[in-house]
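Chain by chain, the residues run as shown.
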Amino acid sequence: MRISSVSLVSSAAALLPTLAAAVTFDCAQINKDGYKYDLSPLGGAHSLYHVDTTDEFTVNTTYVLNICNILGGKAIRGGLKCPTSKNICGYQYRHPINGSEETSHAFPIVGLDHMGGGAKDPEITRLKTLDSEREGLQVKLGGGEYTDEQQKKKSAGAVIEFQCDPGRSGLEGLDAADISRLLRIRDEGESDQPSPEDGSNPDSSLQFKSWGPSDDDSYVLSLSWKTRYACDDYVKNRDQDSSSHWGVFTWLIIIFFLCAAAYLIFGSWLNYNRYGARGWDLLPHGDTIRDIPYLFQDWLRRVGNTLQGAGSRGGYSAV
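Thresholds applied
Residues numbered from 1 in each chain as written. Predicted model: local features only at pLDDT ≥ 70, side-chain atom pairs only at ≥ 80, totals over all residues. Heavy atoms only, no water. Helix = DSSP H or I, 4+ residues; strand = E, 2+ residues; numbered from the N terminus. Contact = heavy atoms within 4.5 Å. Areas by Shrake-Rupley, 256 points an atom, 1.4 Å probe, with all protein chains shown as cover. Salt bridge = Lys/Arg side-chain N within 4 Å of Asp/Glu carboxyl O. Polar contact = N/O pair within 3.5 Å; in protein donor to acceptor, adjacent residues only side chain to side chain. Disulfide = S-S within 2.5 Å. Buried < 20%, exposed > 50% of the residue type's maximum accessible area, 1.4 Å probe, protein only. Pairing = 2+ DSSP bridges.

Participant: Go over the overall build of the protein with me, naming the residues and quoting the values.
Facilitator: Tallying secondary structure elements over the protein gives 5 helices and 13 strands in all. Within the protein, counting contacts between residues at least 6 apart in sequence, those at least 24 apart form 53% of the total. Accessible surface for the protein amounts to roughly 20,700 Å². Of this, 55% is attributable to carbon and sulfur atoms.

Structure representation (structure tokens):
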């Protein structure tokens, strides 16, 4: 059986939305179970720090992520380079306890490869479907790769729980000032409270949970992110507020024009019945309305003369 080229084209066109959804994640347009979410305010490159200590090593890892776009130049940190087309990368520094030489490497966790290779394969779940008492989103993303201690390459990904917290924007503890303060407290001990041993910032809305192999032998970065933008009704309430503001403004304009129209109609009727006026004389203050263009021209002329007079020195000077 022969398949026409038209059928092939139409089939490919039907598959395009599915393929696009399989490899992309639009943080500003998330629709799940009839709810809309907009996580775009959380965009931009953010980093979090984690320390893991074993009997042989102290491993310092910095995770850099941008959920709404690629990392671009932020994917390069010092001498470590991660593909710039990725959304999440890890930068690991391994310090042996015995004092031998430090090793370091960067590894991609989430994102597309250049030329469209790989896939993020986004999987979005509302937290209420997992736990009726929790509100937010669970987002699973892939497209990364990690080389384990046996030098075997494993696929990598991330699971981010966006937890509803109406009191948090989600950017708390993520700016440069907070990170610098945390590092200073950890290194110099400038605080009455002990610094967390894992190097985390307890005040940050974005928190590290775990990094390691999962049941399917892939490596998964688990994060939690508290933000108001993960609340089920945030976008709905925001749109209603904006529409209500526009509604009040619209009604004010309508009321103004209705009052102006009522004044003109009543004034014209009064002039017609009382004075038998016709044409322009029907309108209340008709002479003033007819003179508006001339009054405006006269006002512009006066402004021009005033500006010219202020910019020039005229008159007589004393001898």
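Moving on, there is more to tell.
Participant: Which residues make up the pattern of salt bridges, and what values do they have?
Facilitator: Per the counting criterion, the structure on display carries 10 salt bridges. Measuring nitrogen to oxygen at the nearest pair gives 2.8 Å for the salt bridge that ties Asp 232 to Arg 126. Of this pair, Asp 232 sits in the loop between β13 (219-227) and α4 (234-275) while Arg 126 sits in strand β9 (residues 123-126); the two residues are 106 residues apart in sequence, bridging distant segments of the chain. Close ionic contact of Glu 161 with Arg 134 constitutes a salt bridge, the shortest N to O distance being 2.4 Å. One end of the pair, Glu 161, is in strand β11 (residues 153-164); the other, Arg 134, is in the loop between α2 (127-130) and β10 (136-147), and 27 residues separate them in sequence. Three or more residues are tied together by salt bridges with common partners; here these are Asp 33, Arg 126, Lys 128 and Asp 232.

Participant: Tell me what's going on with the side chain of Asn 66, and back it up with residues and numbers.
Facilitator: Note on placement: Asn 66 falls in the loop between β4 (57-65) and β5 (76-77). A distance of 3.3 Å separates the side chain of Asn 66 from the backbone nitrogen of Asn 69, its partner in a polar contact. If near-sequence neighbours (up to four positions away) are discounted, Asn 66 is found in contact with Gly 43, Gly 44, Ala 45, Leu 71 and Asn 87.

Participant: So what's going on with the state of the cysteines? Residues and values would help.
Facilitator: One pass over the structure, following the stated rule, counts 3 disulfides. Linked covalently through their sulfurs, Cys 27 and Cys 68 form a disulfide whose S-S length is 2.0 Å. A torsion of 120 degrees about the S-S bond marks the disulfide between Cys 27 and Cys 68 as right-handed. Linking Cys 27 in the loop between α1 (5-23) and β1 (30-32) with Cys 68 in the loop between β4 and β5, this pair joins segments that are 41 residues apart in sequence.

Participant: Which residues make up unusual backbone geometry, and what are the values?
Facilitator: Despite not being glycine, Asp 33 shows a phi value in the positive range, around 55 degrees. Looking at where Asp 33 falls in the secondary structure, it is placed in the loop between β1 and β2 (35-37). With a phi angle near 60 degrees, Gln 151 is a residue other than glycine that sits in the positive phi range. Here Gln 151 lies in the loop between β10 and β11. Its relative accessible area of 63% is what places Gln 151 among the exposed residues.

Participant: Any details on the pairing of β4? Residues and values, ideally.
Facilitator: Where burial is concerned, most of β4 is hidden: 7 out of the 9 residues are buried. With 8 bridges joining them, strand β3 (residues 46-53) and β4 adopt antiparallel strand pairing. From the neighbouring strand, Leu 48 faces β4, where its bridge partner is Tyr 63. What sits between the antiparallel neighbours β3 and β4 is a turn of 3 residues. Note that β4 and strand β7 (residues 86-96) share 9 bridges and pair antiparallel. The residue bridging Val 59 from the neighbouring strand is Arg 94, located in β7.

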